[in-house]
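Chain residues, written in single-letter form:
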Amino acid sequence: MVNPINGLPQIAVRDNSGPSASEVHSKFGDSLKNAIDGVNNAQVESNEMTKALARGEVDNLHNVMITSQKASIMMSTATEVQSKVIEAYKEVMRMQV
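What counts and what doesn't
Residues numbered from 1 in each chain as written. Predicted model: local features only at pLDDT ≥ 70, side-chain atom pairs only at ≥ 80, totals over all residues. Heavy atoms only, no water. Axes fitted to C-alpha atoms, helices over the stretch in contact; angles between N-to-C directions. Helix = DSSP H or I, 4+ residues; strand = E, 2+ residues; numbered from the N terminus. Parallel < 35°, antiparallel > 145°, perpendicular 65-115°, else oblique. Left-handed = near helix turned anticlockwise from the far one by under 90°. Contact = heavy atoms within 4.5 Å. Expected span 1.5 Å × (residues − 1). Buried < 20%, exposed > 50% of the residue type's maximum accessible area, 1.4 Å probe, protein only. Polar contact = N/O pair within 3.5 Å; in protein donor to acceptor, adjacent residues only side chain to side chain. Salt bridge = Lys/Arg side-chain N within 4 Å of Asp/Glu carboxyl O.

J.: Teacher, can you tell me more about the packing of helix α1 (residues 21–55) against helix α2 (residues 61–94) here?
T.: When two helices pack together, you describe them by how their axes are tilted relative to each other and by the distance separating the axes. At a closest axis distance of 9 Å, the pairing of α1 and α2 adopts a crossing angle of 150°. In terms of orientation, α1 lies roughly antiparallel with respect to α2. For α1 against α2, the interelement crossing comes out left-handed. Here α1 contributes Gly-38, Val-39, Ala-42, Gln-43, Glu-45, Ser-46, Met-49, Thr-50 and Leu-53 to the contact with α2, which in turn contributes Leu-61, Asn-63, Val-64, Thr-67, Ser-68, Ala-71, Ser-72, Met-74, Met-75 and Ala-78.

The following block contains the structure:
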């Protein structure tokens, strides 16, 4: 007769189904939209600060230049990411199945 071993932890069965394809698409779309909105907000903020400086409402040129450079870097990064995504898509499409 076999006696059970007491004191060992029970192993729970994992659900390996993971998120569905539609959930992944939705999360990716939301992330992409948030990133684009962030770039847009930085551009709008930069434009507003530049206009305020031209009207004489802002005296701190440093903050205006920092905001402008921040928006510029965000736009450059977004453009590079777009380029890399397009390259990756083209590479996947060239693959033979």
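J.: Explanation requested: α2 in the structure shown.
T.: What sets the pattern is the α-helix's 3.6 residues per turn: residues three or four places apart point alike. Its 34 residues give α2 an end-to-end C-alpha distance of 50 Å, which sits within 8% of 50 Å, the value for a rise of 1.5 Å per residue. Regarding α2, the residues found buried are Val-64, Thr-67 and Ala-71. Looking at the buried residues of α2, the elements they touch are α1. Measuring from the side-chain oxygen of the N-cap residue of α2 to the backbone nitrogen of His-62 gives 3.2 Å; that N-cap residue is Asn-60.

J.: Any chance you could explain the pattern of salt bridges here in plain terms?
T.: Close approach of charged atoms lets side chains of opposite charge pair. Enumeration according to the criterion identifies three salt bridges in this entry. Here Lys-33 and Asp-37 are joined by a salt bridge, their closest N and O atoms 3.0 Å apart. You can see Lys-33 and its partner Asp-37 sitting in helix α1, four residues apart, about one turn around the helix. What makes Asp-37 partly exposed here is its relative accessible area of 31%. For Glu-57, the salt bridge goes to Arg-55, with nearest N and O atoms at 3.0 Å.

Purely geometric numbers; function is a separate question.
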